[in-house]
Amino acid sequence: PPALEAVVPLLMGRSKLNGCGRYARGEMIWNPCVKNSEMDLSAIRVIYCALQSFHESHDPRAMAEKLTPMMRQYRRIKSEIAEDVILMFRLGDFYEMFFEDAARAAPILNVALTKRAGYPMCGIPYHAVDSYLGKLIRAGRKIAICDQMEDPALAKGIVRREVTRIITPGTITEEAALSDDRNNYIAAIASSGKEFGLAALELSTGELFVENHPTRDSLRDAIHRIAPGEGIAPTSEGESEPDREAAAIYKDAGVACVTPVDYWFFEEAFARSTLLSHFGVTSLDGFGCEDNSTAIRAAGAIMQHVRENLRRDLSHVTSMRLAQTSGYMTLDDATCEHLDLMPQRGRDPSTTLYGVLNATRTPMGARLMHNWIARPLLDLDAINSRHEAVETLTKARGALSPLRSLLGDIRDLERTIARISLSRGSPRDVNAISTALKTIPAIRDRLEPVASGALLGSILRELRPLPHLVDAIDRTLVESPPATMNEGGMIRPGVSHELDELRDAAANGRAWIAKYQAEEIARTGIKTLKVKFNKVFGYFIEISTGQLGNVPADYARKQTIANGERFTTPELKEREEKILGAADRAIIMENDIFDSLRAEVVRETAGIQAVASAAAQLDVLCSLADRALALGYERPKMDEGDAIHIIGGRHPIIEQLPDSERFVPNDADLNCTTRQIMVITGPNMAGKSTYIRQVALLVVMAQMGSFIPAKEASFGIVDRVFTRVGASDDLARGRSTFMVEMQETANILNNATPRSLIVLDEIGRGTSTFDGISIAWAVAEHLHNTPSVKAKTLFATHYHELTDLALTLGGVVNCSVLVREQHDGIVFLRRIVDGPADKSYGIAVAKLAGMPDPVLRRAREILANLEADELSDSGTPSLVEPRAKPRPVRHGDDLQMKLFEM
Ligand code: ADP
Ligand code: MG
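Every value quoted in this text rests on a predicted model; they were computed, and no experiment measured them. Along each chain, numbering runs from 1 in the same order as the chain's sequence is written. A letter from A marks each chain and a number from 1 marks each ligand, given out in the order of writing. Totals for whole chains, interfaces and linings use every residue, but because this is a predicted model, local features are given only for residues with pLDDT of at least 70 and side-chain atom pairs only at 80 or more, for both listing and counting. Side-chain measures were taken over the full set of non-hydrogen atoms in the model, leaving aside hydrogen atoms and water.

A. How the structure looks around the overall build of the protein chain. Helix and strand definitions here come from DSSP, where helices need a minimum of 4 consecutive H or I residues and strands a minimum of 2 consecutive E residues; each element is numbered from the N-terminal end. The secondary structure content of the protein chain amounts to 31 helices and 27 strands. Contact criterion: two residues are considered in contact whenever any of their non-hydrogen atoms come within 4.5 Å of each other. Pairs at least 24 apart in sequence give 69% of the contacts found in the protein chain among residues at least 6 apart. Using the Shrake-Rupley algorithm and a 1.4 Å probe, accessible areas are obtained, with residue cover drawn only from the displayed protein chains. Surface summary for the protein chain: the accessible area is close to 40800 Å², and the carbon and sulfur share equals 52%.

Rendered as structure tokens:
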């Protein structure tokens, strides 16, 4: 690094020393002239700190306000971080917040807002900081932790303090604040104008991956799927607002927290050098990203931002994965929601596919289960090997349940090793690594005899028990070590001779004190004499007021208290130094030993991560096997064809709902030629929506590797599932407009392929009946007649008119849900049969709903009139004659709409 004297004048000449705004967030450092020079960052930081303390002691504003030196330090540190970040300032055993921050945080933390020298403040004990952080993060706040960088007892003047880390919704790693079964990512996006790059970092596990997306929509869907806690977006040059387009994409994808980051973090050259130096490589080929400029820009920006702006350690991020978006079935966010794949905030998780399938025993298994559901596979072999593994496990009944309970003992190995490599791992964390690794041999014993097939074989290979590490941990740490360092008691006796001696000295010291107290009582005759200890005065002799006359001459007075006085003696003083010295040195030694043990664990990070990942996969497979056995699922057959064939299929979620009627199984038969479009009619409440979702759900389950609730099934690979639900069924999502419905339908028509599966539920309902029918009809024709689309389609509709599609299009078949008409109404049979429903039964449903009789009678009359001229004179549906004469508007349409929506 260049000499300080050489650079300071340079910086002084160039930057505005009196404006602390110029210092804020390190802007001065990045003055272009400095950026291009040869200096490295750490040298610049040293200079920066020097300038800051200079500034601190000369700040005219602070001097005018007569702030104490400590509050001036507070002001300076506060000015360096972004406005919206709450500063937690370490003062003794507390983290204190002042001014605005105190007023904002106190109600969230539920602590008292007090005043100190006239300004508001509040505080929390430092050891409980984790649980408080969670509260602030959940309230959408960001927090800077400012620690004391030197021992207050040794500091000359004000204790040096620095912001050691900044915690944001996307980067919180405190266990108490994370949910076990969800990943918490921070994401970045970059655009080249032609395509998008997405990078996501999970700080609590060290996972970093990148993806490429050809369109804004697919980017949005991907962000929605990984649901990051926070997204970063570049600012334009000289601005502080995030890029508008990026912010809009995050907003669309439901990301609440968007953080602006300097634009040049996203510049390719800078981002590339960030990644090259972090991973210590000369090219990004090893990650498959050398020429992937958008991915590099996004990943580089995240890493730089988290390390430099948030000051977080990234040493546990050991690789970068290029996620193949092409290897997975595309599920847009509307489809994920319509099919209830994943729990949504505030909804009952058990009524989702995840809720039904997840019986994992570890948090990392639960997180992986999310991923598998959100990303069904496209590769036939890969799908088959998951099915094969699940089948093996269901057949190895004797092994399944012991395997699952052993897996439970591994706990969150993935996040534990991440915490340890962040140097924040506690003695308990290190112990947990040993506990987890010790279960591996037992797991291998159970798995080895049954493991067949590629997937279980590779899992078995990855499950390495690392016995040398287990041994090192067990030899060093006591059986149940304390949760924190610094208090001693974590290292076993016998590990270090020197440590044992120090401990003896400290313990003997305490025995000596007891003996000394007895001797002094005997010598002075004061029965109440006590030798006590406190942190401020060390050891002292306490004598109550009544006995002061008997104090011997060699006692030196130390302090007066309410009911007596405290004394010391030269002997006691000497002993105190020995005892305290030994105890202190013992703790320092314990910490040193622990640090080197932790370093040993860190060296094995990659190996432990591999074990964690294999265990997570095994956990998911065991969960799928367990569910398959418990819920009567069967293995689907996968093939190269284009057909979907299901016998006795059931809806996995609805069949599990408590107190619902017995679920009636149904078949399905679709292909790209003779049965391409299935038009399903039947009265409202008959079971149309349930049936079409059920088919899509079974496809998703099969391709994610699960068994399915069906007697028998075979599937050709589906590349994408689209769902579109008519506007009035979609109110829950708060986007009921017809426009949105049409946009999404357009998206389907533009993107579907002959390998796709389309589920259309009552489309066209958001407009008038005639409009709706016309659009629905034209959509069906397009899907049927356009060779590049020709996707298998399930089309549920209450527009009875659409059954006429089959008259003109060869690949369309009519199906309906059976109902039995009874004297005073209808009974739902829930069976899907070929052939159209003979009427729409809207009026029958209206009757069930309690509509008054006169209204029902009148409705029947109007319906009869409407149905009178359904076919033209030539016998084709008059509806679709190309140049239909304009018909007079019929007031009955509106009435019909309303009846159906009861
Ligand atoms: P539609 O879309 O025809 O109006 P839904 O699919 O919404 O009807 O189903 C109406 C009700 O019938 C739902 O409460 C659902 O749980 C129940 N249901 C649907 N299909 C079945 C089935 N096969 N077996 C049992 N109950 C079913
Ligand atoms: Mg419906």
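B. Local environment of the site of ligand 1. Proximity is defined per residue: any heavy atom of the residue falling within 4 Å of a molecule or strand makes that residue near it. Residues in close proximity to ligand 1 total 14 residues, the closest being Val-664, Met-685, Lys-688, Ser-689 and Thr-690. Take Met-685: an N or O atom from its main chain is 2.6 Å from an oxygen atom of ligand 1. Measuring from an oxygen atom of ligand 1, one finds a backbone N or O atom of Ala-686 at 3.2 Å. Considered on its own, ligand 1 offers 560 Å² of accessible surface; in the complex 83% of this is hidden by protein. Within 3.5 Å is the distance limit for a polar contact, defined as a pair of N or O atoms, with the added protein rule that one can donate a hydrogen and the other accept it, and that residues adjacent in sequence qualify only through two side-chain atoms.

C. Seen up close, the packing of helix H17 (residues 397-408) against helix H19 (residues 427-450). It is at 10 Å that the axes of H17 and H19 come closest, and there the two elements cross at 165°. Considering their axes alone, H17 and H19 lie roughly antiparallel with respect to each other. The element H17 and its partner H19 pack so that their crossing is left-handed. Side by side, H17 and H19 meet where Gly-398, Ala-399, Pro-402, Leu-403, Leu-406 and Leu-407 of the first sit next to Thr-439, Ala-442, Ile-443, Arg-446 and Leu-447 of the second. Whenever a helix is involved, its axis is fitted only over the stretch in contact; in every case the axis is a line through C-alpha atoms, and angles between N-to-C directions fall within 0 to 180 degrees. Here the word oblique covers every angle except those under 35 degrees (roughly parallel), over 145 (roughly antiparallel) and from 65 to 115 (roughly perpendicular). Crossing handedness: left-handed means the near helix sits turned counterclockwise from the far one by under a right angle, and right-handed means the same turn made clockwise.

D. How the structure looks around the pattern of salt bridges. Within this document, salt bridges are pairs made up of a side-chain nitrogen of Lys or Arg and a carboxyl oxygen of Asp or Glu, the two lying within 4 Å of each other. Across all of its chains, the model carries 39 salt bridges by this definition. Between Glu-211 and Arg-225 there is a salt bridge, with its nearest N and O atoms 3.3 Å apart. Of this pair, Glu-211 sits in strand E9 (residues 207-213) while Arg-225 sits in helix H9 (residues 216-226); the two residues are 14 residues apart in sequence, bridging distant segments of the chain. Only protein chains enter the calculation, and the probe is 1.4 Å; a residue is then buried if its accessible area is under 20% of its type maximum, exposed if over 50%, and partly exposed in between. When its relative accessible area of 0% is taken as the criterion, Glu-211 is described as buried. Arg-225 gets classed as partly exposed once you look at its relative accessible area, which sits at 22%. Measuring nitrogen to oxygen at the nearest pair gives 3.3 Å for the salt bridge that ties Glu-211 to Arg-375. Here Glu-211, found in strand E9, pairs with Arg-375, found in the loop between helix H15 (363-374) and helix H16 (380-395); they are 164 residues apart in sequence, far enough to count as distant. Across the pair, exposure class does not vary: Glu-211 and Arg-375 are buried alike.

E. Examining the packing of aromatic side chains more closely. Centre distance within 6.5 Å is the pairing criterion for rings of Phe, Tyr and Trp, where only the six-membered ring of Trp is used; planes under 30 degrees apart are then read as stacked, over 60 as edge-to-face, and the remainder as tilted. Under the criterion given, the structure shown has 15 aromatic pairs. Centroid distance Phe-265 to Phe-270: 6.1 Å. Interplanar angle 40°. Geometry classified as tilted. Taking the ring centre of Phe-99 as reference, the NZ or CZ of Arg-75 above it sits at 5.2 Å. A ring is scored as having a charge over it whenever the NZ atom of a lysine or the CZ atom of an arginine sits within 6 Å of its centre and within 35 degrees of its normal. The ring of Tyr-95 is capped by Arg-90, whose NZ or CZ atom sits 5.6 Å from the centre of that ring.

F. Inspection of the environment of Met-589 at higher detail. Locating Met-589 in the fold gives a position in helix H23 (residues 570-603). In sequence terms Met-589 and Ile-491 are 98 residues apart; their C-alpha atoms lie 9.5 Å from each other. Each residue touching Met-589, except ones within four places of it in the same chain, is listed here: Ser-496, Glu-498, Leu-499 and Leu-502.

G. Spotlight on the sheet that holds strand E16 (residues 556-561). Paired strands are those between which DSSP finds at least two bridges. Taken in spatial order, the 4 strands of this open sheet run E14-E15-E17-E16, and their pairing is antiparallel. Where the open sheet ends on each side, the last strands, each with one partner, are strand E14 (530-534) and E16. Mean inter-strand twist for the sheet, computed between neighbouring axes without regard to direction, equals 40°. As judged from the 4 bridges shared by strand E15 (residues 538-544) and strand E17 (residues 564-568), these two strands associate in the antiparallel manner.

H. Focus on the nonpolar core. Residue types Ala, Val, Leu, Ile, Met, Phe, Trp, Tyr and Cys, when buried and joined through side-chain atoms within 4.5 Å, form a set referred to as a nonpolar core. Ranked by internal contacts, the top residues of the largest apolar core, which has 113 residues, are Ile-433, Leu-463, Leu-618, Phe-715, Leu-757 and Leu-794. Per-element tally for this core: the top contributor is helix H24 (residues 605-631), with 14 residues. Those residues in contact with Leu-463 that lie beyond four places of it in its chain are Ile-440, Ile-443, Arg-444, Leu-447, Val-611, Ala-614, Ala-615 and Leu-618. Counting 50 residues, the second-largest nonpolar core is a separate cluster that includes Tyr-119, Trp-264, Leu-284 and Ile-296.

I. The arrangement of the side chain of Arg-598 in detail. In this structure, Arg-598 sits in helix H23. What makes Arg-598 buried here is its relative accessible area of 10%. In terms of polar contacts, Arg-598 uses its side chain to reach the backbone carbonyl oxygen of Gly-425, at 2.6 Å.

J. Quick look at the side chain of Thr-439. Position of Thr-439 relative to the elements: it lies in helix H19. Take Thr-439: its relative accessible area is 8%, and that puts it in the buried class. With near-sequence residues (within four places) excluded, Thr-439 lies in contact with Leu-406, Asp-409 and Ile-410.

K. Looking closely at helix H10 (residues 244-252). Three or more residues of H10 are buried, namely Ala-246, Ile-249 and Tyr-250. Summarising the axial view, the buried residues of H10 lie within an arc of 100°, below the 170-degree limit, and thus occupy one face. H10 presents Arg-244 and Lys-251 as exposed residues on the side facing more than 90 degrees away from its buried surface. Of the surrounding secondary structure, the elements contacted by the buried residues of H10 are strand E7 (186-191), strand E8 (196-202), H9, strand E10 (230-234) and strand E11 (258-261). One or two positions beyond H10, positive phi appears at Gly-254, with a value near 85°. For this quantity, the arc is that covered by the directions from the helix axis to the C-beta atoms.

L. Here's a closer look at the pairing of strand E24 (residues 757-761). By the criterion of burial, E24 is predominantly enclosed, with 5 of the 5 residues buried. Along E24, one buried face is formed by Leu-757, Val-759 and Asp-761 and the opposite face, lined by Ile-758 and Leu-760, is buried too. Direction of pairing for E24 relative to strand E25 (residues 792-796): parallel, over a ladder of 5 bridges. What sits directly across from Ile-758, in E25, is Thr-793.

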